[in-house]
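Structural description and commentary
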Amino acid sequence: MRERPIITIDGPSGAGKTTVSKRLAERASLTRLDTGAMYRACALAAREAGVPWSDGARLGRLCADLRLAFRQEGGEMRILLCGEDASEAIRTPEISMGASEVSTHKAVREAMVRLQRKMGEKGGVVLEGRDTGTVVFPDADAKFVLDAAAAVRARRRFLEWGAGERKPFEEVLREVLLRDIQDSTREHSPLRMAEGAVYIDTTTMTAEEVVEEMLRRLLPEARKGLPGGATL
Ligand code: DC
């Protein structure tokens, strides 16, 4: 029995997982584990090593030896790839598509899931991704699935970029839809509802409202080990 909870948040791109998991981590003193950042780091490492994103066997070997770590820095979680801070380099639209492609390979998923379980098994953690409640920790203390209308999710992605660096909205929407299809129809660990997960449609909600809703829905078991307990 863990002393501190494991909370999972899954959902498609732009559903609000990152903003919400950051706030939830702050409110409940949990460590945040962004599993998408790990697939992104894998795509970046592959590009740097000249390994095609379509080559599952070579990617699997690359991932098994990948030196990946997270470091908390002034409230922000930085991702280190072979000791180098790759937090910005993994956020480009190109690496987003690459992450979606590398994550379709079984060997890549196995290496990442192994690492994620090791990082989170002691509890006191909130994981965000596509399969954190279905595959990584099916026995999590609380599971959430966030979703929103595709146009709203694309708009959130669009607004993340400064006015000068933005692509046309239609292109962002196309990429979001393409990733939706790839992430939910792949053979291995596709995005789907985890058993016992709470589904929240964030289309018309602010991040704060989503966090409030999540805290309200936390089961008593999951509240144990959180500061403030049931009155959080
Ligand atoms: O959450 P994100 O946009 O940073 O994720 C990037 C890609 O990584 C996403 O398109 C699919 C993949 N991914 C995954 O397959 N499983 C996860 N648990 C997290 C992300």
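Bear in mind the structure is a predicted one, so any value in this text is a computation, not a measurement.

Definitions and limits used
Residues numbered from 1 in each chain as written. Predicted model: local features only at pLDDT ≥ 70, side-chain atom pairs only at ≥ 80, totals over all residues. Heavy atoms only, no water. Helix = DSSP H or I, 4+ residues; strand = E, 2+ residues; numbered from the N terminus. Rg over C-alpha atoms; globule rule 2.2 N^0.38 Å. Buried < 20%, exposed > 50% of the residue type's maximum accessible area, 1.4 Å probe, protein only. Areas by Shrake-Rupley, 256 points an atom, 1.4 Å probe, with all protein chains shown as cover. Axes fitted to C-alpha atoms, helices over the stretch in contact; angles between N-to-C directions. Parallel < 35°, antiparallel > 145°, perpendicular 65-115°, else oblique. Left-handed = near helix turned anticlockwise from the far one by under 90°. Contact = heavy atoms within 4.5 Å. Nonpolar A, V, L, I, M, F, W, Y, C, P; charged D, E, K, R; others polar.

1. Description of the overall build of the protein chain
Summing up its helical and strand segments, the protein chain has ten helices and eight strands in all. The globule rule puts the C-alpha radius of gyration for 232 residues at 17 Å, and the 17 Å found for the protein chain is close to it. Across its three principal directions, the C-alpha atoms of the protein chain cover 50 × 40 × 35 Å. Counting every position in the protein chain, which comprises 232 residues, the buried fraction comes to 49%. Put simply, the protein chain shows about 11,300 Å² of open surface, and 52% of that area lies on carbon and sulfur atoms.

2. Comments concerning the packing of helix 4 (residues 93-102) against helix 8 (residues 169-185)
When two helices pack together, their arrangement is given by the angle between their axes and by how far apart the axes lie. Relative orientation of the contacting elements helix 4 and helix 8 amounts to 15 degrees, with a least axis distance of 9 Å. Taken together, the axis directions place helix 4 and helix 8 in an arrangement best described as roughly parallel. Between helix 4 and helix 8 lies a crossing of left-handed hand. Contacts between helix 4 and helix 8 pair Pro93, Ser96, Met97, Ser100 and Glu101 from the former with Glu175, Leu178, Arg179, Gln182 and Asp183 from the latter. Taken together, the residues of the contact of helix 4 with helix 8 sort by class into three nonpolar, three polar and four charged.

3. A closer look at the packing of helix 2 (residues 35-49) against helix 5 (residues 106-120)
Taken N-terminus to C-terminus, the directions of helix 2 and helix 5 make an angle of 135 degrees; their axes are 11 Å apart at the nearest point. Classified by the interaxial angle, the pair formed by helix 2 and helix 5 is oblique. As helix 2 packs across helix 5, the resulting crossing turns out to be right-handed. Across the interface between the two elements, Thr35, Met38, Tyr39 and Cys42 from helix 2 touch Val108, Arg109, Met112, Val113, Leu115, Gln116 and Met119 from helix 5. Considering only residue class, the contact of helix 2 with helix 5 consists of eight nonpolar, two polar and one charged.

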